[in-house]
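Given next are the chains, with one letter for each unit.
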Amino acid sequence: MCETCGCGDPEIVPIEIQERILSDNDAHAVHNRSHFEGLGLLAINLMGSPGAGKTAVLEATAKAAGERLKLGAVSGDLATDRDADRLNASGIVSSTITTGSACHLDARLVHRALHQFPSNDRDIFFIENVGNLVCPAIYDLGQAANVVTLSVTEGEDKPLKYPVMFQKADLVLLTKVDLIPHLDFDVAAVEDAVARVMPAAKMLKVSAKTGEGIDAWLQWLEERRPAPVERPAKGHSHEHPHEHN
Amino acid sequence: MHEYSIVASLIDRVQQEANAHGGTRVHRLHVQIGELSGVEIDLLKTAFETFRERTICDGAELAIDTVAPAWACASCERTVERGAILRCEACGRPARMTQGDEIILQRIEMEAPNV
């Protein structure tokens, strides 16, 4: 009780929410997903630590796909356009999402990048996340599948150390396998580690340098492509509750 | 350090509720964080203490309920232990996480004359 005026203590009321804290991100992700589905393209969220070989795998993918598939990509980068430049040079239509100090992409950043993206006419669209095995895992971007690159030089225990990332993965790409003869790397140990953190464990061994395993990776992608749709030459095929610049 | 962006989303959400209910001061937030959500509890606390200043959450307490992960077979519901191969021993199907990845705002306790 207030001694000055005699008023009662303020009433504290509980307000039930029971909602994901990232519901705003989730709403943007739903929007991105409908954008991708409307264009009939397969969207892949490609994650992995810095230097795991995300960009190199995409370059090798473009080389192997040749004219067969139209590939697109946005690359999350803290400070440079280097990845997008490399991907454009390899034939993947690409742009950069500059994240500044942010350690991950979120659905809003991807949405903004989609509006500036130069082409609607892609079969597979890669979202190359910021190199990081922690933060990107918790943000839905609207992708159809999460793919995590793990290079053989990182060690077999990484799936156990970063379980959240691997738990969310639909596929692990074990990269730089051409280096295995030079390392004490135990493929069976990494397969075991993956199976303890990733429910439907699936791993493909690839080398961007020699091209080993890239065909199996392309086949994995092909199997997930949605049925073709009539693509609008420009603009959008889906509902837009928001204004565009 | 995505905990800062999570706290920013959290405070935005609380502000929306305060606007809707004429809330003036927030006393406590109850959140549920799974051990395999990718959110570090200590970092979340630090981020909240830093960001709550001069917002609707200034002075508010963050009550965190942590949730241990659990897996079960999607078809026969047999439990799969943490650290084990995440596949049902009985029917061989991939296990499904039943809890442990929550990042949820459960409840806000605030002074709200309009409720």
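Everything in this summary refers to the structure shown in the same document.

1. Regarding the sheet that holds strand S2 (residues 61–67) of chain B
Right, on to step 1. If you walk across this open sheet you meet the 4 strands as S1(A)-S6(B)-S1(B)-S2(B), and the pairing is mixed. Of all the strands in the sheet, the pair left with one neighbour each is strand S1 (12–20) of chain A together with S2 of chain B. For this sheet, the mean inter-axis angle between neighbouring strands, taken without regard to orientation, is 15°.
Right, on to step 2. Packed onto the sheet, helix H2 (residues 41–51) of chain B meets strand S1 (25–34) and S2 of chain B and runs at close to 165° relative to S2 of chain B.

2. Let's talk about the environment of Val 194 of chain A
Residue and element names in this part refer to chain A.
Right, on to step 1. The residue Val 194 is located in helix H7 (residues 187–197) in this model.
Right, on to step 2. Residue Val 194 is classed as buried on the basis of its C-beta count, with 24 C-beta atoms lying within 10 Å.
Right, on to step 3. A sequence separation of 146 residues divides Val 194 from Gly 48, and the C-alpha atoms of the two residues are 14 Å apart.
Right, on to step 4. Setting aside its immediate chain neighbours within four residues, Val 194 contacts Pro 159, Phe 166, Val 172, Ala 201 and Met 203.

3. Brief notes about the sheet that holds strand S5 (residues 95–99) of chain B
Right, on to step 1. Pairing is antiparallel in the open sheet, where 3 strands are placed in the order S4-S3-S5 (chain B). The open sheet has two free edges, formed respectively by strand S4 (79–80) and S5 of chain B, since each of these has just one partner strand.

4. Side note on the pairing of strand S3 (residues 70–73) of chain B
All names here are of chain B.
Right, on to step 1. Taking every second residue as pointing to the same face, the buried face of S3 carries Trp 71 and Cys 73, while none of Ala 70 and Ala 72 on the other face is buried.
Right, on to step 2. Of the pairings in the sheet, the one linking S3 to S5 comprises 4 bridges and is antiparallel in character. Bridging from a neighbouring strand, Cys 73 pairs with Ala 95 of S5.

5. Looking at the environment of Trp 220 of chain A
Residues and elements named next belong to chain A.
Right, on to step 1. Structurally, the position occupied by Trp 220 is in helix H8 (residues 214–224).
Right, on to step 2. When the C-alpha atoms of Trp 220 and Leu 204 are compared, they prove to be 9.4 Å apart, with 16 residues separating the residues in sequence.
Right, on to step 3. Non-local contacts of Trp 220, meaning those with residues more than four positions away in its chain, are made with Leu 171 and Leu 204.

6. Quick notes on the packing of helix H2 (residues 54–65) of chain A against helix H3 (residues 82–89) of chain A
All names here are of chain A.
Right, on to step 1. For the pair H2 and H3, the least separation of the axes is 9 Å and the interaxial angle reads 15°. In terms of their interaxial angle, H2 and H3 are classed as roughly parallel. With respect to the hand of their crossing, H2 and H3 are arranged in right-handed fashion. Taken together, the residues of H3 that come into contact with H2 (itself represented by Thr 55, Leu 58 and Glu 59) are Asp 83, Arg 86 and Leu 87.
Right, on to step 2. Residues of the contact of H2 with H3, tallied by class, amount to 2 nonpolar, 1 polar and 3 charged.

7. Looking at the interface of chain B and chain A
Right, on to step 1. Listed by partner, the interface residues are 31 residues for chain B and 28 residues for chain A.
Right, on to step 2. Among the elements of the structure, helix H1 (3–21), S5 and strand S6 (103–111) of chain B are those that each provide at least two residues to the side of chain B that touches chain A.
Right, on to step 3. At 9 residues, S6 of chain B tops the list of elements feeding residues into the side of chain B that touches chain A.
Right, on to step 4. By the bridge criterion, 7 bridges tie S1 of chain A to S6 of chain B in an arrangement that is antiparallel. Each residue of the ladder has a partner; that of Glu 16 of chain A, found in S6 of chain B, is Arg 107 of chain B.

8. Details of the environment of Asp 83 of chain A
Residue and element names in this part refer to chain A.
Right, on to step 1. Here Asp 83 is to be found in helix H3.
Right, on to step 2. Residues Asp 83 and Pro 226, 143 residues apart in the sequence, show an inter-C-alpha distance of 27 Å.
Right, on to step 3. Excluding anything up to four places from it in sequence, Asp 83 contacts Thr 55, Ser 75, Asp 77 and Glu 128.

9. So, H2 of chain B
Residue and element names in this part refer to chain B.
Right, on to step 1. Taken as a whole, H2 has its buried residues at Leu 44, Ala 47 and Phe 48. Angular distribution of buried residues about the axis of H2 spans 100°; they occupy a single face of the element. Counted as exposed and oriented over 90 degrees from the buried face of H2: Asp 42, Glu 49 and Thr 50.
Right, on to step 2. Residues of H2 that are buried sit in contact with H1, S1 and S2.

10. Quick word on H1 of chain B
Residue and element names in this part refer to chain B.
Right, on to step 1. For H1, spanning 19 residues, the distance from its first C-alpha to its last is 27 Å, which sits close to the expected 27 Å at 1.5 Å a residue.
Right, on to step 2. Along its buried surface, H1 packs onto S1, H2 and S6.
Right, on to step 3. Looking one or two residues beyond H1, the residue adopting positive phi is Gly 22, at roughly 65°.

Procedures and definitions
Residue numbers run consecutively from 1 along every chain, following the written order of its sequence. Naming scheme: in the order in which they are written, chains are lettered from A and ligands are numbered from 1. Thresholds applied to this predicted model are a pLDDT of at least 70 for local features of residues and 80 or more for the giving and counting of side-chain atom pairs; totals over whole chains, interfaces and linings are not thresholded and use all residues. Paired strands are those between which DSSP finds at least two bridges. Runs of H or I in DSSP of at least four residues are treated as helices and runs of E of at least two as strands, each being numbered from the N terminus. Here an angle of 0 to 180 degrees is reported between the N-to-C directions of two axes, which are lines fitted to C-alpha atoms, with helices fitted over the stretch in contact. Any pair of residues counts as being in contact when their C-beta atoms, constructed from backbone geometry, are within 7 Å of one another. Field definition: a residue is buried when 20 or more other C-beta atoms are found within 10 Å of its C-beta, exposed when 12 or fewer are, and partly exposed for counts in between, with C-beta atoms placed from the backbone. Orientation categories follow fixed angle ranges, with anything under 35 degrees roughly parallel, anything over 145 roughly antiparallel, 65 to 115 roughly perpendicular, and all other angles oblique. Here a crossing is taken to be left-handed if its near helix is turned anticlockwise relative to the far helix by less than a right angle, and right-handed if that turn runs clockwise. For this classification, Asp, Glu, Lys and Arg are treated as charged, while Ala, Val, Leu, Ile, Met, Phe, Trp, Tyr, Cys and Pro are nonpolar and the rest, including Gly, are polar. The directions considered for the arc run from the helix axis to the C-beta atoms. Expected span, for any helix, means 1.5 Å times one less than how many residues it has.

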